[in-house]
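Structural overview for review
Chain residues, written in single-letter form:
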Amino acid sequence: MDQLDDILHQDIDPTETKEWIESLNAVISHDGTERAHYLLEKMVDSTRRAGGYLPFDPTTEYVNTIAPQNEAKMPGDATMEWRIRSLIRWNAMAMVVRANRKPGELGGHIASFASSATLYDVGFNHFWRAPSADHPGDLVFHQGHSSPGVYARSFLEGRIAEEQMDLFRMEVAGKGRGLSSYPHPWLMPDYWQVPTVSMGLGPIQAIYQAQFWKYLEHRGLIPKSDRKIWCFMGDGETDEPESLGAISLAGREGLDNLIFVINCNLQRLDGPVRGNGKIIQELEGVFRGAGWNAIKVVWGSYWDPLLARDTSGTLRKLMMETVDGEYQACKAFGGKYTREHFFNKYPETAQLVANLSDDDIWRLNRGGHDPHKVYAAYHSAVNTKGMPTVILAKTVKGYGMGAAGESQNPTHQQKKLDADAVRHFRDRFNIPVSDDKLGDVPYFHPGKDSPEVQYMLERRAALGGSLPQRRRKADAKLKAPELSAFEQITKGTGEREISTTMALVRGMNLLLRDKQLGERVVPIVADEARTFGMEGMFRQIGIYAPFGQKYRPQDADQLLYYREDQKGQVLQEGISEAGGMGAWMAAATSYSISNVAMLPFFIYYSMFGFQRIGDLCWAAGDMRARGFLVGGTAGRTTLNGEGLQHEDGHSHLMSGAIPNVKSYDPTFSYEVAVILQDGTRRMMQEQEDIYYYLTVMNENYQHPDMPAGCEEGIIKGMYLFRDCGVSTNGNGNGKGKGKAKAPCVQLLGSGTILREVIAAAELLEKDFGVHADIWSCPSFIELRRDGFDAERWNRLHPEAEQRVPYVTGLLQDRAGPVIAATDYVREFADQIRAFIPEGKRYTVLGTDGFGRSDTRAHLRDFFEVDRYWIAHAALASLAKDGLVNAKDVARAIKEYKLDPEKPNPLTV
């Protein structure tokens, strides 16, 4: 950095420098800035060719990117818009303050919207188009903490009633009319489109939405248009990895349908974002380096005359030298402080403001509060071609709050204002509320026929209608294929061995051939398509590339070569699970945002799913996403050789916490088929707001034919895979036709460990004469949900016929204790313990502990979930019930070579 400063900021010959600048200005005057830029680039190129080291400085002066003479003029009535903006500010503040005068500490935020009101107002009045017959509509990612301002605008428009404003953050008491704390489509399904308050998730979602729109256009699924995605975020939010982690994708793919608006109020939650630096300069460099068009809106119009008189450049120099911590102090302490600590640093700058009063200095506005500057930036952004745009708008956090919080460190936490602060707010924005009513902080609505409201409605009508608004269902009616269409994977494999991953890929290929749904399927991978056996799709449907394939791939002479195409169907997002999830969310909400229902499959290592991108998975539930998440190489013992950070034993616990996710861990290809068909029907045909998590494995084995009548059980989560042919006699023993009295057990399993369960049943029969019913449990989560739903219903309807949980009904007439084994931690199968029939012993085996590298057989022995440990657990349960002898349990330990002194796998 010191070397860069030396090269760029030391002038060894000022006279020569002046001559070069005069020559350049002459070129600008005669041929324009484009010609001057061309000449500069040629000179830089010549210097580098001569061996000169020219470091790249990605930042520009700390002034507005758009010069005053180049600003597009804002149409409309600026005075009216200020009036409307003031009313919105007041009602947003009143909503939060009134909420926090109620018991219960509801919370809420004033300062974020106070700083960004102008940024939103200009967009609502002049740029953001609603879906209509004439336009598909823009998409706005509102900064979560600014939601009060959006509600306040809807209140003036007549979309939200005054009584609803008093139900802010009271969604339970509001009984469906309450206003959610932040943008939540699940809670307000006709209003909010995308959840954004978990900071960092809005930006990455916006980038992949923009990419997906281009994908839909290139594939001919939606017409090309000038629709835009606007993503609002705070400067402090850019510290989140997700905020900036995918900006290079937007630059690389030239996503000119994407606009970021970063509200740079220089503060995060507890203090300055960059107190010792300059966040706007930092972000300008980051985004310009990533190929974005960066527009700085630093200073408002009151600064224009000062900058015009700054012929020496001292004011610009001072602006560059001043760090954000100082700028924050200047706004907090007023004009006198600013004169003394800012302008008086140099005689030249002190002279510039000599004729200004302290009040005049305090009124020198920041660019983000000047609608004319904001309009010019937005106008430039929407007309930029070939690259995304970021607008860095400098604002004041808590703008208008005065001594109660304007530009002060605790501002973000401000939820209450005292009487003096409310009076200051009223007077500053000229709100017609009398002193005697001020204590109630009343809402103010000028009336539906007032000039203000009529102006608002006229502007929105010209832009297609009200925003935010959300579409619940796509217009097109699509029919899912019947289960018979999946015959290729419902039939057994005979002597052939395949994995459930291959069964899934075959099922996807069957869907790709469907005449109605084929073009709607979106395979998404985070770089390991070959790992999952999907390379056949490269040739078949191609990998999406916005500019096509400009090279001959190394494997072009092979059948399954790496084929990229502008109309490609596979989204290959590189080594980024967050990127793959962002693309999946865009496709999974296309039914709502673009009125085109899509069926995305995001396939990844299961360990890198809900654990790594769990916040996005939760947001997907909130935004009513529809599609399949597929955790490949799932389970803690199926991915042999990879080790601790790759082996998954708990993803289903995380997926099960999301209310609208259906989670399945199938063992056989026909189970995969049934789940695929059911999910496709419910999400595409019935348009239910659910999504599916499906775990598949890379272990190859033979798959049987689909048993008759198992479909319902697969979907509900459990069915009888093999009946030992012995009925209960009430004491845990079985009695079959022509068979002697024998002990029985119920063995449950899922995923690849179900095969160990099957093998354990054979050991028990052969070595100990114990009969076992075998149950496949593709979804312990669905079983748990059904059980608790029945339990709740029974509690609330004590006099009605009591419901029987599904698990209870299946097991209550079966003999013997119940043993469950899976490739996941014990909590996974333990979820149904409450619904095991009363009096039945329930033993759960699982893979608690850290994964490690080894063969599948060694891993299953280590975690005590292989056939021998399962058989031993069954005998131990039978012994506790007095149905076998303890010596039988000891014999099993010896014959199966189990080490009773080995450490608990959880601890090593």
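One structure accompanies this document, and this report is about it. (Residues numbered from 1 in each chain as written. Predicted model: local features only at pLDDT ≥ 70, side-chain atom pairs only at ≥ 80, totals over all residues. Heavy atoms only, no water.)

1. Description of the overall build of the protein
- From N to C terminus, the protein includes 37 helices and 20 strands.
- On C-alpha atoms alone, the protein measures out to a radius of gyration of 33 Å, which is about the 29 Å that the 2.2 N^0.38 rule sets for 908 residues.
- Scored against the burial criterion, the 908 residues of the protein give a buried share of 58%.
- In the protein, 78% of the contacts between residues at least 6 apart in sequence involve partners at least 24 apart.
- A total of about 37400 Å² of accessible surface is found on the protein, and carbon and sulfur atoms cover 50% of it.
- Each charge class in the protein can be summarised by its mean position, and for the 104 positive and 118 negative side chains these summaries are 4 Å apart. (Helix = DSSP H or I, 4+ residues; strand = E, 2+ residues; numbered from the N terminus. Rg over C-alpha atoms; globule rule 2.2 N^0.38 Å. Buried < 20%, exposed > 50% of the residue type's maximum accessible area, 1.4 Å probe, protein only. Contact = heavy atoms within 4.5 Å. Areas by Shrake-Rupley, 256 points an atom, 1.4 Å probe, with all protein chains shown as cover. Lys, Arg positive; Asp, Glu negative; His and termini not counted. Charge placed at Lys NZ, Arg CZ, Asp CG, Glu CD.)

2. A short note on the sheet that holds strand β11 (residues 628-632)
- Spatially, the six strands line up as an open sheet ordered β9-β6-β10-β11-β13-β12, and their pairing is parallel. The open sheet has two free edges, formed respectively by β9 (571-572) and β12 (661-664), since each of these has just one partner strand.
- In terms of strand pairing, strand β6 (residues 521-525) meets β9 through two bridges, oriented parallel. Bridge pairing in β9 links isoleucine 524 to leucine 571.
- Strands in contact with helix α23 (residues 500-512) are β6, β10 (599-605), β11 and β13 (691-695); relative to β10, the strand with the most contacts, it is inclined by about 160 degrees. (Pairing = 2+ DSSP bridges. Axes fitted to C-alpha atoms, helices over the stretch in contact; angles between N-to-C directions.)

3. Some words on empty space enclosed by the protein
- Inspection of every chain in the model, using the stated rule, returns seven cavities of 30 Å³ or more.
- Roughly 160 Å³ of internal volume is contained in the largest cavity.
- Contributing elements (two or more residues each) for the lining of the largest cavity: α14 (324-333) and α17 (358-362).
- A total of three residues in the lining of the largest cavity trace back to one element, the largest contributor, which is α14.
- In the lining of the largest cavity, the residues fall into eight nonpolar, one polar and three charged. (1 Å grid on protein atoms, 1.4 Å probe; cavity = no way out; pocket = protein on both sides within 12 Å on 5 of 7 lines; lining within 4 Å. Points joined across faces, edges and corners; volume = space filled by probe spheres on them. Nonpolar A, V, L, I, M, F, W, Y, C, P; charged D, E, K, R; others polar.)

4. Things to note about the layout of surface pockets
- One number sums up the size of the second largest pocket: a volume of about 550 Å³.
- Together, 23 residues line the second largest pocket, and Trp82, Tyr302, Asn365, His369 and Tyr399 are the ones closest to its centre.
- Residue assignment for the lining of the second largest pocket shows that the elements contributing at least two residues are α4 (78-99), α18 (371-382) and α19 (419-429).
- By residue class, the composition of the lining of the second largest pocket is nine nonpolar, six polar and eight charged.

5. Side note on the pairing of strand β19 (residues 818-821)
- By the alternation rule, side chains of β19 split into Val818 and Ala820 and Ile819 and Ala821, which are all buried.
- Bridge analysis of strand β17 (residues 742-749) against β19 gives four bridges, and the strand direction is parallel. Opposite leucine 747, over in β19, you have isoleucine 819 as the bridge partner.
- Relative to strand β20 (residues 842-845), β19 is paired through four bridges, and the arrangement is parallel.

6. Quick look at the nonpolar core
- The biggest cluster of nonpolar side chains holds 175 residues, and the ones touching the most others in it are Phe260, Trp584 and Tyr691.
- In terms of residue count, helix α8 (residues 201-218) provides more of this core than any other element does, 10 residues in total. (Core = buried A, V, L, I, M, F, W, Y, C linked by side-chain atoms within 4.5 Å.)

7. Focus on the pattern of salt bridges
- A complete count under the given rule lists 52 salt bridges for this structure.
- Residue arginine 316 is joined to glutamate 61 by a salt bridge in which the shortest nitrogen-to-oxygen separation is 3.6 Å. Placement of the pair is arginine 316 in helix α13 (residues 314-321) and glutamate 61 in the loop between α3 (33-49) and α4, with a sequence separation of 255 residues.
- By relative accessible area, arginine 316 is classed as partly exposed at 24%.
- We note a salt bridge from arginine 826 to aspartate 848, for which the minimum N-O separation is 3.2 Å. Here aspartate 848 lies in the loop between β20 and α35 (856-862) and arginine 826 lies in helix α34 (residues 826-830), a separation of 22 residues in the sequence.
- By sharing partners, the salt bridges in this structure join Glu699, Arg755, Glu756, Arg856, Arg860 and Arg867 into a single network. (Salt bridge = Lys/Arg side-chain N within 4 Å of Asp/Glu carboxyl O.)

8. Describing helix α32 (residues 780-796)
- With 17 residues, α32 should reach 24 Å at 1.5 Å per residue; the first-to-last C-alpha distance of 24 Å fits that figure.
- Among the residues of α32, those classed as buried are Phe780, Ile781, Glu782, Leu783, Arg785, Gly787, Ala790, Trp793 and Asn794. (Expected span 1.5 Å × (residues − 1).)

9. Comments concerning the packing of aromatic side chains
- Tallying each qualifying case throughout the model produces 51 aromatic pairs.
- Geometrically, the ring pair formed by tyrosine 151 and phenylalanine 168 is edge-to-face, given 6.2 Å between the ring centres and 65 degrees between the ring planes. Highlighted residues: tyrosine 151 in helix α6 (residues 147-157) and phenylalanine 168 in the loop between α7 (162-165) and α8, separated in sequence by 17 residues.
- On the accessibility criterion, tyrosine 151 (0% relative accessible area) is buried.
- Between phenylalanine 628 and tyrosine 692, the ring centres sit 5.4 Å apart and the planes meet at 50 degrees, which makes this aromatic pair tilted. Taken together, the residues phenylalanine 628 in strand β11 and tyrosine 692 in strand β13 connect sequence positions 64 residues apart. A single burial state applies to phenylalanine 628 and to tyrosine 692, both of which are buried.
- Seen from the ring of tryptophan 362, lysine 331 lies directly overhead, with NZ or CZ sitting 5.7 Å from the centre. (Phe/Tyr/Trp six-rings, centres within 6.5 Å; stacked < 30°, edge-to-face > 60°. Lys NZ or Arg CZ within 6 Å of the ring centre and 35° of its normal.)

10. A few points about the sheet that holds strand β2 (residues 229-234)
- Sheet architecture is open: five strands sit in the order β1-β2-β3-β5-β4, paired in parallel fashion. Sheet topology places β1 (139-141) and β4 (293-297) at the edges, where each strand pairs with a single neighbour. Strand-to-strand twist of the sheet, defined as the mean angle between neighbouring strand axes without regard to direction, takes the value 15 degrees.
- Looking at chain direction, strand β3 (residues 258-264) and strand β5 (residues 389-394) are connected through six bridges and run parallel. For phenylalanine 260, the partnering residue across the bridge sits in β5 and is valine 390.
- Where helix α5 (residues 111-126) meets the sheet, it contacts β2, β3 and β5, and its direction lies at approximately 140 degrees from that of β3.

11. Section: a negative patch on the surface
- On the surface, Asp11, Asp13, Glu16, Glu19 and Glu22 cluster together into a negatively charged patch.
- Mapping glutamate 19 onto the fold places it in helix α2 (residues 14-31). (Patch = residues over 30% accessible without salt bridge, like charges linked within 9 Å, V, L, I, M, F, W, Y side chains within 5 Å.)

12. With respect to the packing of α4 against α5
- Two elements in contact, α4 and α5, have axes separated by 10 Å at closest approach and are oriented at 130 degrees. Comparing their axes, α5 and α4 come out oblique. Of the two elements, α4 crosses α5, and the hand of that crossing is right-handed. From α4, Glu81, Ile84, Arg85, Ile88, Arg89 and Ala92 reach across to α5, where they touch Phe113, Ala114, Ala117, Thr118, Asp121, Asn125 and His126.
- When grouped by side-chain class, the residues that make up the contact of α4 with α5 number six nonpolar, three polar and four charged. (Parallel < 35°, antiparallel > 145°, perpendicular 65-115°, else oblique. Left-handed = near helix turned anticlockwise from the far one by under 90°.)

13. Remarks on the environment of glutamate 838
- By the element assignment, glutamate 838 lies in the loop between α34 and β20.
- For glutamate 838, a relative accessible area of 84% gives the class exposed.
- A sequence separation of 26 residues divides glutamate 838 from glutamine 812, and the C-alpha atoms of the two residues are 8.3 Å apart.

14. Examining the packing of α5 against α6
- α6 packs onto α5 with a crossing angle of 45 degrees between their chain directions and a minimal axis gap of 9 Å. It follows from the interaxial angle that α5 and α6 lie oblique. Here α5 and α6 pass one another in a crossing that is right-handed. Side by side, α5 and α6 meet where Phe113, Asp121, Phe124 and Asn125 of the first sit next to Gly149, Val150 and Arg153 of the second.
- Each residue belonging to the contact of α5 with α6 can be placed in one class, and the counts come to three nonpolar, two polar and two charged.

Coordinates in, geometry out; function isn't part of it.
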